[in-house]
Structures are given as C-alpha cells and as structure tokens.
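Residue-level structural notes
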Amino acid sequence: MVTIKVGPLADSGDLYPFIPLIEGIIKPEGINLEFEVISTVQDTNEKVLKKEVDVAVPSAAMYPYIQDDYYILGNAIASAIDGITGMPIISISPLSIEDLKNSRIIVHGHNTTAFTLYKLLIGKYNKLVIVKKVLDEIKALGKEGDALVAVHELKMMYALEKLGVKVHKITSMWEMWKNLAGNVPMPMGTVVINKDLGKDVALKFKEAYEKSKRYAEKHIDEIIKKDAEIMREAHKENIDEEIIRKTIWADIQEYNVPLEDVKRGMEIFYNLTAERGILPKVKNIDII
C-alpha cells in the first residue's frame, strides 16, 4: 500500500476540504494517508521546496520552483474573482499607493503569492517585515510595519474589530490585478502532489480529495467543529466559529472557479512575473 504524507495548511479556507480525509470519513482505496498540519503558508512553501511532504497547499507563487517535482490538482486551485478575497492592503493611518513605496510592508513570507503580487503590482517598499502567523500581524501593524497585505482578510478584519482597532484600506491586489490583467481570476494558492508517487496514484488522491471537498461543503456545521479544533491547536488561539464559517464560505468560491478561467489567470500571472524577473519561467503548468 502506498503511503502519502499530507500537509494541510492550518487556515480554515484551505483546511476544510481535507477534514473528511483527516477524520477517515473519506478513504482513498489502496492509499495510506499520514497527516501533518502545517501552521503557516511560509512553512508550507519551505516544506514543498524540500519535498518533505507529498501533498500540501503552497502559494501559487511557489510553483515555478517546484514545477518539476509536483503536479497541481485541477480541482484544488484557489483564485480570487472579486474583492472579497482579493488581498486588501491595510494600514493604521491613511496611506496612498505612492506612500507604500516608502513604507514598511508586512507579508507572510518571501515566496508567498501576496508578496509576489506586491512586487508585480506595486514594486517598491522601504522595508519588508515577515510575520508568519496570521494573528500576529495585528501586533506588528503600526509597530513593526506600516501596511499589511492581508491574505486572510476575513479573520484579520474580525480580529481587528474585536480589538477595537480601526484600519484604512489603501487598495487591494484584486483591484490592481484587474486593472492589469482584465477580469480573469487572480491566482492565490494550490494543492500539489509529489510526482514521485506516479500519475495513477496522484489521480486516485485527486478523486479522494474531490469527494472529501464535496462532503465538507455539504456538512459545513460538522466540519466547522473540527476545523476550529485544528486551528486552535495549530495557532494556540481560539478562533470564533462564525469567522471560520465565513472564511470557509469565501474560500468555497475561490476553489470552485471554472478550471479554464483559472488556467488563464495562472498563465498571465506566470508570464508577467517571468518577464519582469520576479519568478522563474514556468515551462508548463502541469495540472491533473
């Protein structure tokens, strides 16, 4: 029996499709799954770069570096199609886009899609501040950093509201992407699987992932309980179940964009970033 090391990301929207697999509700035939929940996007990116996990949820911006080693699951690509999940840039004091070029910018990591989009769409900054943990960004905003590219904006805005912190939205990556690329989906994250497992095994896992995702979307209340438990353990924070629900519903939209539209957005993203020397050139977007 083949064993697959699965590294779900501890973010509610990316985590929910994996929960029925984690709980054993959905079981792929002839495959043994070992799970290691990964707490941050940057940690995920580093693990796939080292091939420490077979399945993970890296940033779309990581793909040029791992394209020879991983397939992208065609039913597991997160893309923004509106401003709801479009990575707003927020600050404590009012700033303009021009101000950002001389500001301290908070992102999740060097290899994240958020930082890659920032480099593509804005370019300059005074200082880069890396804060891996989602909720720690709030503590850094206004202290270590002047502005934040809020990848997990629903949790971020909710937490800020509970703390009574008022923020200003400067712009969003979606607004700037739309102006540059037109009304095509903006790549955000992917689920990838190790090519060393072979295409047949990869396709079997893809089928199981799809069943797990569908089950989760039909049994949201059941999934939210486990989601909250995993998030609490990974982040050592209690996250309100209502914000988990909102995050999942937003990400359901991200993960259910038609594949042809998704591929077009990825092609534009990888072509532009390669042309401008931001990312290595992608030879082929290997989607299964």
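In this text, all values refer to a predicted model and were calculated from it rather than measured experimentally. (Residues numbered from 1 in each chain as written. Predicted model: local features only at pLDDT ≥ 70, side-chain atom pairs only at ≥ 80, totals over all residues. Heavy atoms only, no water.)

1. Digging into the sheet that holds strand 7 (residues 127-130)
- Pairing is mixed across the open sheet formed by 5 strands, whose spatial order is 7-6-8-5-9. Each of the sheet's edge strands pairs with one partner strand only, and the pair in question is strand 7 and strand 9 (168-172). When the angles between neighbouring strand axes are averaged without regard to direction, this sheet yields 25 degrees.
- Bridge analysis of strand 6 (residues 104-107) against strand 8 (residues 147-149) gives 2 bridges, and the strand direction is parallel. Of the residues in strand 8, the one forming a bridge with Ile106 is Leu148.
- Against the sheet, helix 9 (residues 173-181) touches strand 5 (88-91), strand 8 and strand 9, its axis set at about 30 degrees to strand 9. (Pairing = 2+ DSSP bridges. Helix = DSSP H or I, 4+ residues; strand = E, 2+ residues; numbered from the N terminus. Axes fitted to C-alpha atoms, helices over the stretch in contact; angles between N-to-C directions. Contact = heavy atoms within 4.5 Å.)

2. A closer look at the side chain of Ser212
- Structurally, the position occupied by Ser212 is in helix 10 (residues 199-218).
- Assessed through its relative accessible area of 0%, Ser212 is described here as buried.
- Non-local contacts of Ser212, meaning those with residues more than four positions away in its chain, are made with Pro17, Phe18, Ile19, Pro20, Leu21 and Ile26. (Buried < 20%, exposed > 50% of the residue type's maximum accessible area, 1.4 Å probe, protein only.)

3. Here we look at the pattern of salt bridges
- One pass over the full model with this rule turns up 16 salt bridges.
- For the salt bridge of Asp196 with Lys51, the shortest nitrogen-to-oxygen distance reads 2.8 Å. With Asp196 in the loop between strand 10 (186-194) and helix 10 and Lys51 in the loop between helix 3 (41-49) and strand 3 (55-56), this residue pair connects regions lying 145 residues apart in the sequence.
- Classification of Lys51 as partly exposed rests on a relative accessible area of 30%.
- Among the ionic pairs, Asp68 bridges to Lys283, the shortest N-O distance being 2.8 Å. With Asp68 in the loop between helix 4 (63-66) and strand 4 (70-80) and Lys283 in the segment after helix 13 (259-275), this pair connects stretches of sequence that are 215 residues apart. Each member of the pair Asp68 and Lys283 is classed as exposed.
- A single network of salt bridges, built from pairs that share partners, joins Glu23, Lys226 and Glu229. (Salt bridge = Lys/Arg side-chain N within 4 Å of Asp/Glu carboxyl O.)

4. Overview of the sheet that holds strand 2 (residues 31-35)
- The 5 strands lie next to each other as 2-1-3-10-4, forming an open sheet whose pairing is mixed. Each end of this open sheet is capped by a strand with a single partner; those strands are strand 2 and strand 4.
- Across 2 bridges, strand 3 lies against strand 10 in antiparallel orientation. Bridge pairing in strand 10 places Val55 opposite Ile193.

5. A closer look at the UniProt feature "binding site: substrate" (unreviewed entry) in the protein chain
- In the numbering adopted here, UniProt assigns the feature "binding site: substrate" (unreviewed entry) to Thr113 and Ala114.
- Here Thr113 lies in helix 6 (residues 113-121).
- Those residues within four positions of Thr113 in sequence are excluded, and the remaining contacts are Ser59, Ala60, Ala61, Met87, Pro187, Met188 and Phe269.
- Here Ala60 takes part through its backbone nitrogen, which lies 3.0 Å from a polar atom of the side chain of Thr113.
- Its place among the elements puts Ala114 in helix 6.
- In this structure Ala114 touches Met87, Val149, Val151 and Met173, once residues within four positions along its chain are discounted. (UniProt positions renumbered as here; feature names shortened; annotations may be inferred. Polar contact = N/O pair within 3.5 Å; in protein donor to acceptor, adjacent residues only side chain to side chain.)

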